[in-house]
Amino acid sequence: MGEEIILNVLPRETRVAVVEQGLLQELFIERLDTKGTLGNIYKGKVTRILPGMQSAFLDIGHPRSAFVHVSDLLEPREGTLDDEGASMVPDIRELLYEGKKLLVQVTKESIGTKGARLSTNISLASRFLVYMPGNTRVGISQRIEDDDERQRLRDILEKVRIEQGEGGFIVRTAAEMASEEEIAKDAELLRLRWEAICEDSKDATPPVLVFDDLPLHLRVMRDIINFHTDRIIVDDKAICETLDNFLKDFIPDKAECLEYVRDEVSLFDVYNLEDQIETALDRNVPLKSGGYLVIDQTEAMTTVDVNTGAFVGKKDLEETIYRTNLEAAAAIPRQLRLRNIGGIVILDFIDMADEEHKRQVIRTLEKGQQSDRVKWKISEISELGLVEMTRKRTHESLLQQMCGPCPSCDGKGFIKTPESVCLEIFREIRRRASGLRGKGCLIMASQVVVDRLLDEDAACIRELSGSIGTDIRFQVEASYTQEQFDVVLPL
């Protein structure tokens, strides 16, 4: 299946779209005032230790203090076991103190009100490898399935480690079928980069940025390009020349895929991507059969609800439910990638009685997730028809990147009805009845609330005015939201 990578470059924003058969699969956005920090290495200083949370805050030069947990200070699998075999983690105060200087790497971007998450387990990525200078193990990407190829790559890495020195490596998927020379070159490049980072950090005064990861357009070349990439289309001449040099140096077999297109017409308009991005911000996702998904994102988790909608099926209820769930299971992985949804995801499939149907739905979901570059895990369908899954979250979701809380509802997604606001106004007038008697008052509210007070609630207003002995007047305030109102006393 052919894949196209489309880069739209503007002075304040770079957008990268991954497209398959005309459908937007993934979208990456980097803006000038919110440049990504994932993978950056800083020399920071501990500003506060929280023993109760086994965590600490570090100043790395960001507006918000960054966060490190004790588990991010230890080598993988480091620690001791108690008598029952349970893992024992040391007290963070044994490892850190306020004012201590640390070399740390951002493993999760700042999301919402939370600062960036850090780790002292540094890793550096290249086209074929991830180098871990503080580790000793060799890992192979799980997406490389051939046992002979996995063993070949493992043997190459062991040989490289003997020749070039210590350090751990993870072999990336792109290294499949790569030559020994290419892998050794990547390993040497990463080691030299690490030596330069160590040298730069020696005399640096925290907080300071020691290593800035590649900009978005180069990260895409390094991380996203694969065997299926047929075209790389760019609308900026300077960026195109940079990519051409990068591809010729590191991925020469893909250099001919690069195309420069003048931006007389926006590339995202030509490929109908703007409309697809707008759709990706919607709560409802229609399915071809007539069913639909409802996707709700919260701070703790994301829920995906599957509904049959207009799909009534052709045979029986169980078959209709099965077909809807099967279509939803095929659509959900793309939605998670496109919307960049991470963390805990709860999938609420329609209840199925047939166990084989349940297995087929899970298989379809897992098959769709195979192409996801982000680490994920899926559970079986529970008795309640729910599937729990996790997807590693390192960035804000598309919704968080492009949208902010509604000023009217403050992010709730709902506002009080005009009826509810009118009843609140009645209660407020009754609370202040003693001060209003014989003086009159002015109700200032939005147009829709005032209209209801003068129409449906006119009888209630007359009764209330008579019972407390005051004249009630109204004034429309165009700047007020539907929930805002004021009861104003005369001077």
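Here's a quick rundown of the structure. (Residues numbered from 1 in each chain as written. Predicted model: local features only at pLDDT ≥ 70, side-chain atom pairs only at ≥ 80, totals over all residues. Heavy atoms only, no water.)

## A few points about the pattern of salt bridges
Right, so step 1: Evaluated as defined, the whole model comprises 31 salt bridges.
Right, so step 2: Between Lys159 and Glu180 there is a salt bridge; the shortest N-O distance is 2.9 Å. Linking Lys159 in helix H1 (residues 147-164) with Glu180 in helix H2 (residues 180-202), this pair joins segments that are 21 residues apart in sequence.
Right, so step 3: Each of Glu13, Arg15, Arg31 and Glu274 takes part in salt bridges that share partners, so that together they form one network. (Salt bridge = Lys/Arg side-chain N within 4 Å of Asp/Glu carboxyl O. Helix = DSSP H or I, 4+ residues; strand = E, 2+ residues; numbered from the N terminus.)

## Examining the packing of helix H3 (residues 216-223) against helix H4 (residues 237-250)
Right, so step 1: Closest axis-to-axis distance for the H3/H4 pair is 10 Å, and the angle between their directions is 30°. Classified by the angle their axes make, H3 and H4 are roughly parallel. Crossing hand, H3 versus H4: right-handed. Counted together, His217, Leu218, Met221 and Arg222 of H3 and Ile239, Thr242, Leu243, Phe246 and Leu247 of H4 form the full contact between these two elements.
Right, so step 2: The residue makeup of the contact of H3 with H4, split by class, is six nonpolar, two polar and one charged. (Axes fitted to C-alpha atoms, helices over the stretch in contact; angles between N-to-C directions. Parallel < 35°, antiparallel > 145°, perpendicular 65-115°, else oblique. Left-handed = near helix turned anticlockwise from the far one by under 90°. Contact = heavy atoms within 4.5 Å. Nonpolar A, V, L, I, M, F, W, Y, C, P; charged D, E, K, R; others polar.)

## Brief notes about the packing of aromatic side chains
Right, so step 1: If you walk through the whole model with that rule in mind, you get three aromatic pairs.
Right, so step 2: For the pair Phe246 and Phe250, a centre-to-centre distance of 5.0 Å together with 45° between the ring planes defines the contact as tilted. Of the two residues, Phe246 and Phe250 both sit in helix H4, four residues apart, roughly one turn of that helix.
Right, so step 3: On the basis of relative accessibility, which here comes to 14%, the residue Phe246 falls in the buried class.
Right, so step 4: On the basis of relative accessible area, Phe250 is assigned to the partly exposed category, the value being 34%.
Right, so step 5: The residue whose ring lies beneath Arg15 is Phe268, and the NZ or CZ to ring-centre distance is 4.2 Å. (Phe/Tyr/Trp six-rings, centres within 6.5 Å; stacked < 30°, edge-to-face > 60°. Buried < 20%, exposed > 50% of the residue type's maximum accessible area, 1.4 Å probe, protein only. Lys NZ or Arg CZ within 6 Å of the ring centre and 35° of its normal.)

## Digging into H4
Right, so step 1: Its 14 residues give H4 an end-to-end C-alpha distance of 20 Å, which sits within 8% of 20 Å, the value for a rise of 1.5 Å per residue.
Right, so step 2: Every buried residue of H4 is accounted for by Ile239, Cys240, Leu243, Phe246 and Leu247. Each buried residue of H4 lies within a common arc of 125° when the element is viewed along its axis, so the set occupies one face. In this structure, H4 carries Lys248 and Asp249 as exposed residues pointing more than 90 degrees from its buried face.
Right, so step 3: Where the residues of H4 are buried, they touch strand E1 (3-9), H3, strand E16 (229-234) and strand E17 (258-260).
Right, so step 4: Put simply, Asp236 is the residue that caps the front of H4, since its side-chain oxygen is 3.2 Å from the backbone nitrogen of Ala238. (Expected span 1.5 Å × (residues − 1). Arc of directions from axis to C-beta. Polar contact = N/O pair within 3.5 Å; in protein donor to acceptor, adjacent residues only side chain to side chain.)

## Some points on the layout of surface pockets
Right, so step 1: By volume, the second largest pocket amounts to about 1400 Å³.
Right, so step 2: Listing elements by their share of the lining of the second largest pocket, those giving two or more residues are strand E19 (292-297) and helix H9 (398-402).
Right, so step 3: For the lining of the second largest pocket, the leading source of residues is E19, giving three residues.
Right, so step 4: Of the residues assigned to the lining of the second largest pocket, the class counts are 13 nonpolar, 14 polar and 12 charged. (1 Å grid on protein atoms, 1.4 Å probe; cavity = no way out; pocket = protein on both sides within 12 Å on 5 of 7 lines; lining within 4 Å. Points joined across faces, edges and corners; volume = space filled by probe spheres on them.)

## Examining the nonpolar core
Proteins that are soluble and globular tend to have nonpolar side chains buried together.
Right, so step 1: One finds Leu293, Ile332, Leu347, Phe349 and Val387 to be the most contacted residues of the largest nonpolar core, which totals 26 residues.
Right, so step 2: Of all the secondary structure elements, the ones that give two or more residues to this core are E19, strand E20 (301-307), helix H7 (317-339), strand E21 (343-348), helix H8 (355-369) and strand E23 (386-391).
Right, so step 3: With seven residues, the top contributor of residues to this core is H7.
Right, so step 4: Residues within four places of Leu293 in sequence aside, it is in contact with Arg283, Asn284, Val285, Leu287, Val304, Asp305, Val306, Ala328, Ala331 and Ile332.
Right, so step 5: Core analysis: the next-biggest nonpolar cluster, separate from the first, contains 24 residues, Ile41, Val171, Ala187 and Leu190 among them. (Core = buried A, V, L, I, M, F, W, Y, C linked by side-chain atoms within 4.5 Å.)

## A few points about the pairing of E16
Right, so step 1: With five bridges connecting them, E1 and E16 associate as parallel partners. Its bridge partner lying in E16, Ile6 is registered against Ile233.
Right, so step 2: The pairing of E16 with E17 spans three bridges and is parallel. Looking across to E17, one finds that Val234 is bridged to Tyr260. (Pairing = 2+ DSSP bridges.)

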